Amino acid sequence: MILKSTTTTDADREAAEYLGAITNLDPQALGEEIIRAGSGVVGRAADEVIKQDLKEYAEGKISYSVSQIEVDNTRDVLNRKKEFLDILESTRAATKRAFCALLVTDITKLDSIMLLAADEKYQALFTYPKQEENVYYLKGVVSRKKQLIPMLTELLAGAEG
């Protein structure tokens, strides 16, 4: 998140300064270059993007997965929304998970969208603001571990597995 994430440490700041001195780029410009190089969606298969950083979770008997990708613009993912949702749904069905999600974090706005394929039983639990069908807007959410998973845990707390 170019040193703006809630998970940023002093070691991260020191590393950014060091790398910036080597490359003659300020940490912001260097971070943007790294994000563009490492998170491109164009030309990559949807399943590759989803599997790149997929984590599995369980809340009681309810299992689910959340993948995350950091981008400098969510447009490339939204233009291929159906493709991503089809992969999420086929993964969900094959693994019998309650839902599979892709968290797409916009590092320029420090917000995320979440593409969601959910079993009908769990779909109604998701009351986040909808941007489009099966796409939710998560203002200020950038960390899967520190922000999204606690939100999902709370959501699932009353649900039966």
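Relevant structure appears above.
Asks: I'd like a rundown of the pattern of salt bridges, residues and numbers included.
Replies: Going through the model one piece at a time under the given rule, you end up with 12 salt bridges. Put simply, R44 and E48 hold a salt bridge, and the shortest N to O gap is 3.2 Å. One salt bridge in this structure joins K81 and E132, with 3.3 Å as the shortest N-O distance. Of the two residues, K81 sits in helix α5 (residues 81–95) while E132 sits in strand β5 (residues 130–132), which places them 51 residues apart along the sequence. Taken together, the shared-partner salt bridges in this structure form one network comprising D53, K55 and R144.

Asks: Before we move on, can you summarise helix α1 (residues 10–23) with the specific residues and values?
Replies: For α1, which comprises 14 residues, the first-to-last C-alpha distance of 20 Å matches the rise-based estimate of 20 Å (1.5 Å per residue) to within 8%. Where α1 terminates, the next one or two residues include N24, which has phi positive at roughly 60 degrees.

Asks: Tell me about the pairing of strand β3 (residues 99–106), and please be specific about residues and values.
Replies: Counting buried residues in β3 gives eight out of eight residues, a clear majority hidden from the surface. Burial along β3 is two-sided: the residues F99, A101, L103 and T105 and C100, L102, V104 and D106 are all buried. Where strand β2 (residues 62–71) meets β3, eight bridges bridge the pair, whose relative direction is parallel. Each residue of the ladder has a partner; that of S65, found in β3, is C100. Bridge analysis of β3 against strand β4 (residues 111–118) gives eight bridges, and the strand direction is antiparallel. Across the sheet, L102 pairs through a bridge with L115, a residue of β4. Counting the residues that bridge the hairpin from β3 to β4 gives four residues, and of these L110 lies at a positive phi of roughly 55 degrees.

The rules behind the values
Residues numbered from 1 in each chain as written. Predicted model: local features only at pLDDT ≥ 70, side-chain atom pairs only at ≥ 80, totals over all residues. Heavy atoms only, no water. Salt bridge = Lys/Arg side-chain N within 4 Å of Asp/Glu carboxyl O. Helix = DSSP H or I, 4+ residues; strand = E, 2+ residues; numbered from the N terminus. Expected span 1.5 Å × (residues − 1). Buried < 20%, exposed > 50% of the residue type's maximum accessible area, 1.4 Å probe, protein only. Pairing = 2+ DSSP bridges.

In short, the description is geometric, and any link to function would need to be established separately.
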